[in-house]
Amino acid sequence: HRLTQETILTDGLNKDTDLLVKSVCPKAVWAHSLRWGIGAVLGEVCLRYKIPCILISHGSHPKPENVTSAFEHRELAQGLLFSPLASNNLLQSPHAEQAVSSFGESFLCTRSHPIMWSYDKIPSIVKKNSIKRILHAGTFKRWSVTRPWIYETSDEFIEGLSTLIRAVTRLEKVELIIRVRPMLECQIKTLELLLPKSNCYKIKTSGSFLEDLTLADLLVSYSSTTIEEALYARRPVLLWGGSQRYMHLPVASIEKPNKNSRSAVYVSKSEDELFPMLTSIMEYHESKPLTDDELKGHVWF
């Protein structure tokens with residue numbers, strides 16, 4: 001049904017988009033998606049009239065670590081990270097470049113600092129108290145859609161948050177901010193009902209994500225563009241969720257930070273490891289942004 005719907009829509013849009021482009025006469029087109037619908041039609045019309053069309057992905061695309069992740073990321077990247085309809089594909093991080101290389105694609109690509117996500121300058125916000133902050137920001141996918149391997153399902157999302165809350169509850173002077181997008185399969189009322197009762201966390205659906213990220217000492221997520229956003233903001237990332245089948249970014253060899261060595265990305269392999277991991281990260285990363293050396297391989301400088 002979805003394929004038929006998209007085919008009919010795309011075919012119907014072609015003629016009107018062609019008329020629009022000839023009327024406007026654009027010098028170039030910048031697209032955040034050439035995957036389907038109006039985006040794909042616009043890319044096709046630009047290709048027809050040799051109008052430069054630059055694709056800038058609105059998502060995070062890492063190099064897959066195994067054959068299962070490779071299959072899903074390759075499908076996800078089509079029309080988002082690269083497209084035959086684009087005259088140029090902008091790569092906004094080293095991970096995107098490594099992903100394209102691993103897929104064996106030969107489309108024209110150009111390195112770029114983040115445009116569709118991340119920030120030119122992180123504001124300086126003075127903390128009003130001595131409370132340490134952990135920011136959780138992630139995106140789960142409904143059971144009715146594909147790509148379950150590289151994203152959490154709603155039940156895994158709840159499980160990952162529950163274990164995180166139980167660990168944070170044991171930490172002293174640490175607050176957990178949970179930013180979520182309300183969705184039919186997991187609404188705010190559902191979260192409030194299912195998550196453990198604790199004063200250590202707040203659920204937020206509005207306000208400035210940038211401000212929350214600036215005040216955070218750590219970002220926790222499973223698979224989200226916010227992971228790379230945090231790295232560009234020089235905040236460490238802990239990969240954690242309701243499943244340990246997938247890692248969005250490669251993790252350094254050190255298991256936990258210490259006074260002699262830190263990393264930009266960490267992973268906890270079990271709930272038992274979560275509390276000591278958070279303890280170490282809070283101790284060695286609090287109010288100490290990631291350095292250039294720690295961020296090598298993760299960001300363009």
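Bear in mind that the values here come from a model prediction, so they are computed numbers and not experimental data.

Trainee: Quick rundown of the overall build of the protein? Include the residues and the values.
Mentor: Looking only at helices and strands, one finds ten helices and twelve strands in the protein. The C-alpha radius of gyration of the protein comes to 21 Å, within 12% of the 19 Å expected for a compact globule of 301 residues. Counting the 301 residues in the protein, one finds 49% classified as buried. Partitioning the contacts of the protein with sequence separation of at least 6, the portion at a separation of at least 24 is 70%.

Trainee: Give a description of the sheet that holds strand β4 (residues 109-111) that names residues and reports values.
Mentor: Reading across the sheet, the four strands line up as β1-β2-β3-β4 and stay open at both edges, with parallel pairing between neighbours. The two strands at the open ends of the sheet, each matched to only one other strand, are β1 (29-31) and β4. Ignoring strand direction, the axes of neighbouring strands in this sheet form an average angle of 25°. Across three bridges, strand β2 (residues 53-56) lies against strand β3 (residues 88-91) in parallel orientation. When the bridges of β3 are listed, Leu55 appears paired with Asn89.

Trainee: Tell me about the environment of Glu229, residues and numbers included.
Mentor: Its place among the elements puts Glu229 in helix α8 (residues 226-232). A residue is classified by how much of its surface remains accessible, and Glu229, at 10% relative accessible area, is buried. In this structure, the C-alpha to C-alpha distance between Glu229 and Leu210, residues 19 residues apart in sequence, is 9.4 Å. If we skip the residues at most four places from it in the chain, Glu229 touches Trp117, Ser118, Tyr119, Phe209 and Leu213.

Trainee: Describe the pattern of salt bridges, listing the residues and the values that go with them.
Mentor: Taken as a whole and judged by the stated rule, the model has 15 salt bridges. For the salt bridge of Arg48 with Asp18, the shortest nitrogen-to-oxygen distance reads 2.5 Å. Residue Arg48 is found in helix α2 (residues 37-48), and its partner Asp18 is found in helix α1 (residues 2-24); the two are separated by 30 residues along the sequence. Each of Asp18, Lys22, Glu44 and Arg48 takes part in one network of salt bridges that share partners.

Trainee: Which residues make up the environment of Ser83, and what are the values?
Mentor: With respect to the helices and strands, Ser83 occurs in the loop between α3 (67-77) and β3. Within the structure, Ser83 has its side chain in polar contact with the backbone nitrogen of Leu85 (distance 3.0 Å).

Trainee: How would you explain helix α9 (residues 271-285) if you had to name every residue and give the values?
Mentor: Taking 1.5 Å of rise per residue, the 15 residues of α9 would be expected to cover 21 Å, and the 21 Å separating its terminal C-alpha atoms lies within 8% of that figure. All of the buried residues along α9 are Leu274, Met277, Leu278, Ser280, Ile281, Met282 and His285. Packing partners of the buried residues in α9 comprise β5 (132-137), α5 (154-169), β8 (174-179), β10 (218-221), β11 (237-239) and β12 (265-267). Following α9 by one or two positions, Ser287 adopts a phi angle in the positive range, close to 60°.

Trainee: Could you give an account of empty space enclosed by the protein, naming the residues involved and the relevant values?
Mentor: Left-over empty space is what a probe sized like a water molecule reveals as it rolls over the atoms. Summed over the entire model, instances satisfying the criterion amount to two cavities of 30 Å³ or more. Its volume calculated, the largest cavity comes out at about 50 Å³. Lining the largest cavity, in full, are Gly138, Thr139, Phe140, Phe157, Arg179, Val180, Arg181 and Met183. A per-class count over the lining of the largest cavity returns four nonpolar, two polar and two charged. Looking at the second largest cavity, its volume works out to about 50 Å³. Looking at the second largest cavity, the residues that line it are Ser57, Gly59, Ser60, His61, Leu81, Leu90, Leu91, Gln92, Ser93, Ala96, Trp117 and Glu228.

Trainee: Would you mind going over the sheet that holds β11 in detail, with residue names and values included?
Mentor: Overall, parallel pairing links the six strands, which are arranged β9-β8-β5-β10-β11-β12 in an open sheet. On the outer flanks of this sheet lie β9 (201-204) and β12, each paired with one strand and no other. Strand after strand, the sheet turns through a mean of 25° between neighbouring axes, direction not considered. Pairing between β8 and β9: four bridges, direction parallel. Note on β9: the bridge partner recorded for Leu176 is Tyr201. Against the sheet, α5 touches β5, β8, β9 and β10, its axis set at about 165° to β8.

Trainee: How would you explain the state of the cysteines if you had to name every residue and give the values?
Mentor: Per the counting criterion, the structure on display carries zero disulfides. Its sulfur unpaired, Cys46 is 4.8 Å from the next cysteine sulfur, which belongs to Cys53. On the accessibility criterion, Cys46 (0% relative accessible area) is buried. Free cysteine: Cys186, not disulfide-bonded; nearest cysteine sulfur from Cys200 at 17 Å.

About the thresholds
- Residues numbered from 1 in each chain as written.
- Predicted model: local features only at pLDDT ≥ 70, side-chain atom pairs only at ≥ 80, totals over all residues.
- Heavy atoms only, no water.
- Helix = DSSP H or I, 4+ residues; strand = E, 2+ residues; numbered from the N terminus.
- Rg over C-alpha atoms; globule rule 2.2 N^0.38 Å.
- Buried < 20%, exposed > 50% of the residue type's maximum accessible area, 1.4 Å probe, protein only.
- Contact = heavy atoms within 4.5 Å.
- Pairing = 2+ DSSP bridges.
- Axes fitted to C-alpha atoms, helices over the stretch in contact; angles between N-to-C directions.
- Salt bridge = Lys/Arg side-chain N within 4 Å of Asp/Glu carboxyl O.
- Polar contact = N/O pair within 3.5 Å; in protein donor to acceptor, adjacent residues only side chain to side chain.
- Expected span 1.5 Å × (residues − 1).
- 1 Å grid on protein atoms, 1.4 Å probe; cavity = no way out; pocket = protein on both sides within 12 Å on 5 of 7 lines; lining within 4 Å.
- Points joined across faces, edges and corners; volume = space filled by probe spheres on them.
- Nonpolar A, V, L, I, M, F, W, Y, C, P; charged D, E, K, R; others polar.
- Disulfide = S-S within 2.5 Å.

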